[in-house]
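Survey of secondary and tertiary structure
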Amino acid sequence: MFTLTGCLLMALPAMAQGVDAQRETLVGQANDGALEPAIAGMLRLYTRSNDSRVRDDLIALLIRAQRYEDALNLCIVCDVSDYSDGELLNLGGAARSAGRPEESLAFFQELSKRDALDSNAWLGQALASIDLERFQMADNHLMQYESLAGTTSAGLEARGYLAASTNDAMQELMARQALVGENPDDQTELKAIYRLATELGASSAARRLLERHPEAFTARDSLWLTYHEAVTNIRLGIHIDEHQSVLEGLSQLETVIRSPQVTPELRLMAERDKVVALSHLRQFDEADQLSLQLEQEHGPQPLYVTRARAHALIGLGRPEDAINAYRQILDKAPERGNDIDDPLYEGLFYGYTDARQYRNARELLNEWRTIEPDYRWDFTGTTQIENPNRQKLLMLEVLLEAWRGNEAEAYDRLDSYLAEAPANPYLWMLRGDISRWRGWPRQAKVDYQQAAELLSPEQQEMRHHSELIAELQQGNWRGTVSDIRRELNHAKPGVSKDTLEREWREQRAAELSTSFDRSRGSGSGTQASREWVNDVIFRAPRNDNGSRIYLRRRDQYGSFDEESIRSAFSIVGYEWNLHPTTLDISAGYESKINNDAHFGVTLQHDFSDHLNVAVGAEINSITTPLRALNDDVSAHRYHADVIYRRDERRTLGGTISLMDFDDGNLRRSAYGYWDERLYKKDMWELSSTAYLSGSANDNVAASYFNPKEDFHVGGRINLAHELPLGYRKTLTQSATLGVGDYQQRYFKSDTTWELGYRHRWEMSPTLSVEYGISRERSIYDGQPEYDTIVTGTVVWRFP
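These numbers were taken from a predicted model, which means no experiment stands behind them.

On to the packing of aromatic side chains, then. A complete count under the given rule lists 13 aromatic pairs for this structure. Ring geometry for phenylalanine 349 and tryptophan 403: centres 6.4 Å apart, planes at 25°, overall stacked. Separated by 54 residues along the polypeptide, phenylalanine 349 in helix α19 (residues 344-354) and tryptophan 403 in helix α21 (residues 388-403) bring together distant segments of the chain. Judged by relative accessible area, which is 29%, tryptophan 403 ranks as partly exposed. On the basis of an interplanar angle of 90° and a centroid distance of 5.1 Å, the ring pair of phenylalanine 705 and tyrosine 780 is categorised as edge-to-face. Of the two residues, phenylalanine 705 is situated in the loop between β13 (684-696) and β14 (709-726) and tyrosine 780 in strand β17 (residues 767-780); the sequence distance between them amounts to 75 residues.

This is the structure in structure tokens:
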């Protein structure tokens, strides 16, 4: 018994020495490169001996072979407290590598409990905490590590990892720079610094890295730098509204896209940003086409690309498509609707109004108003300031009120805002725009000048463009056109520049208009007839002074008492713009009946935005009755016209004229009218006209209608409805009902009436077609006559 026990006691040290020898041999075998055979031998030895030192070495070998799961599962029955310090350190790293950060943290925590001064334990806990996104805990562990170990490469790398995980690019850059400071040839860190520099927009620093360490970078790395420089230029240009910066960025993107070294990933990113640049530069066709191509090739695009395309669609006059694009963005990111820097509700509002979906626009503003506070925190988060979106909302509400047909109320509301904030230049700008829309260009210029005194020098461009449009509308072309050309050549792309170019192009455009009236009368009076009038006018483009030449052909046909009569006037004229006066001079001849020469002159003067007066004379007037011409009687007409236009709702006008016939008759006539817009809301408009006219003629026998005296008073109402057919395309239907009383000397008074229906097609800004039919009851020499009148007009402009 004692002998056996003694033998065992003597054998144990020998067995231990044998295990240690085998263990050391296997470790040496692994160091010589036979890692897998060494692991297999070590595993057999551990299974046979269950020795903790063998387990420690086996775990180390498994980790060296990147067999992390095998290392972690080697001892299933072991508790964390069963492992040695070395095993805890190794297993903590293995658990992180295997994607098991909770286990990793447990190993490192156990290690720090055993030795609070073990810096590696704190570093391991920091890294595992970052993996678990427990960033504050990770920062605390890192500070503990740095207090024990000081500044080390491992600590700096951990700091960089924490900064990258929290998107703190600046902190990561500082950590990477410190690492490079310790090892200037570390290409991994150099590339990391380069990546961070490009992302932060530090292009000069990234460029220096490329120049100082060419061996660490490739041509593709340089291409990435060019891309990031382009994006920086584009974003900066958009932010400060500097189109030259955006142009430079667009050029850099083109360089990236065309490069043979560009990767598919980089090309896609560059093309997406190109859509943004093109849209901002108002190259809308290209932006739309490229965005469609990207969607076809790569599927739905990021929201910022969709946002740029929506802006392009508004510029292309496709508001319905733009509305759909804005809705796509808001469905995915509703918070962007009232974003402080770029509220998408504003773009959607303009989409609705361009599409004339005014009710949707009103509902949008109501919804927006409910979520906008009166005040917001400033960028420091410490001070409350007036919410700029709230002020923007107020201005959009004024615009909508004006566009829906209530210009007067919009004007009054704007004036109430100005009473509270008279130093707000944008309110003055908006007042100028509404003044211009109401037909008050002189008042608009006064408003724009008020804005000019309040705007900074770099903000004057939009105001200047609006003022030039007002000058065109007023007729003040002399000198204005040279300013317009200069602005179009040098001004940055923008809405105001596009509007100015469009207004100038359309106002100076050549124009061809043709109109006809066809009537068929029936009755017992002397005027019963079948007549038609065809009037064709070609107006040449306006020159830089606003003047232009025109050609006119007026044909008239009448059938009276089975006798057919034709007349034709061929005229050439010149509209001479002498702002605020316009002189119209014309000359021609009648070619079907008497071949008499025609001369005409009209002098028109605008005294104000409201008052316009004209005087004129015609030799062999084109308004001479057809029967008079047939009797070889010519007539010379002298007239004066006054128009007082109070606003878009009310106009008072009148004409007095003398017509001197060759047969000794002098016709003295007067006509006055009052137009009133009774109702205007969205697509509906109800208007009315009250009129009176009268004439006195000499007692001369004539085949044409020549009452001694007559007087006509009446009125009509007109109901019109607009049907939008697209951007600046409309079908307007209107119905007219009129009634009056006609009195002629020597005859009893009688009732007149009219009933009509018309269509007006705005096919495009350059083409409109109008036609209509009406039935009228007139009185001649006491006898009623009924006319069915068909009219038509085509106007074609050539910008």
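Still more to cover.
Looking now at the pairing of strand β12 (residues 666-681). Here is the key point about a regular strand: its side chains alternate between the two faces of the sheet. Taken together, the 11 bridges between strand β11 (residues 650-661) and β12 define a ladder with antiparallel strand orientation. Looking across to β12, one finds that glycine 653 is bridged to tyrosine 673. Between β11 and β12, which pair antiparallel and follow one another directly, the connecting turn spans 4 residues, one of which, glycine 664, has a positive phi of 95°. The turn joining β12 and β13, which pair antiparallel and follow one another in sequence, is formed by 2 residues; a positive phi near 55° is taken by aspartate 682.

The residue asparagine 706 is located in the loop between β13 and β14 in this model. The class for asparagine 706 is buried, based on a relative accessible area of 16%. A distance of 2.9 Å separates the side chain of asparagine 706 from the side chain of asparagine 665, its partner in a polar contact. Those residues in contact with asparagine 706 that lie beyond four places of it in its chain are Asn665, Arg667, Asn697, Asp698 and Val700.

So, about the nonpolar core. Core analysis: the largest hydrophobic core is formed by 43 residues, its most contacted members being Tyr326, Leu348, Phe349, Leu365, Val398, Leu414 and Ile434. Those residues in contact with leucine 365, other than ones at most four positions away along the chain, are Phe349, Leu393, Leu396, Glu397 and Leu400. Listed in part, the 27 residues of the second largest apolar core include Leu35, Ala38, Leu61 and Leu62.

Our focus in this paragraph is the state of the cysteines. The final tally for this structure, using the stated rule, is 1 disulfide. What pairs with cysteine 75 in a disulfide is cysteine 78, and their sulfur atoms sit 1.7 Å apart. Disulfide cysteine 75-cysteine 78: the torsion about the S-S bond is 75°, which places it as right-handed.

Conventions used here
In every chain, residue numbers begin from 1 and rise along the written sequence. The model is predicted, so local features are restricted to residues of pLDDT at least 70 and side-chain atom pairs to those at 80 or more, both for listing and for counting; the totals for chains, interfaces and linings are taken over all residues. Hydrogens and waters are ignored; side-chain quantities use all the structure's heavy atoms. Planes of paired rings set the category: under 30 degrees apart is stacked, over 60 is edge-to-face and the rest tilted, where pairs are Phe, Tyr or Trp rings (Trp by its six-membered ring) whose centres lie within 6.5 Å. We count a stretch as a helix when DSSP gives it H or I for four or more residues in a row; a strand needs E for two or more, and each element gets its number in order from the N terminus. Buried means the residue's accessible area, taken with a 1.4 Å probe over protein chains only, is under 20% of the maximum for its type, while exposed means over 50%, and partly exposed covers the values in between. Only strands joined by at least two bridges in the DSSP assignment are considered to pair. Polar contacts here mean pairs of N or O atoms no more than 3.5 Å apart (in protein, one a potential hydrogen donor and the other a potential acceptor; neighbouring residues in sequence count only if both atoms are side-chain atoms). Contacts are assigned to residue pairs that have any heavy atoms within 4.5 Å of one another. To qualify as a nonpolar core, a set must consist of buried Ala, Val, Leu, Ile, Met, Phe, Trp, Tyr and Cys residues joined through side-chain atoms within 4.5 Å. We call a pair of cysteine sulfur atoms a disulfide when they lie within 2.5 Å.

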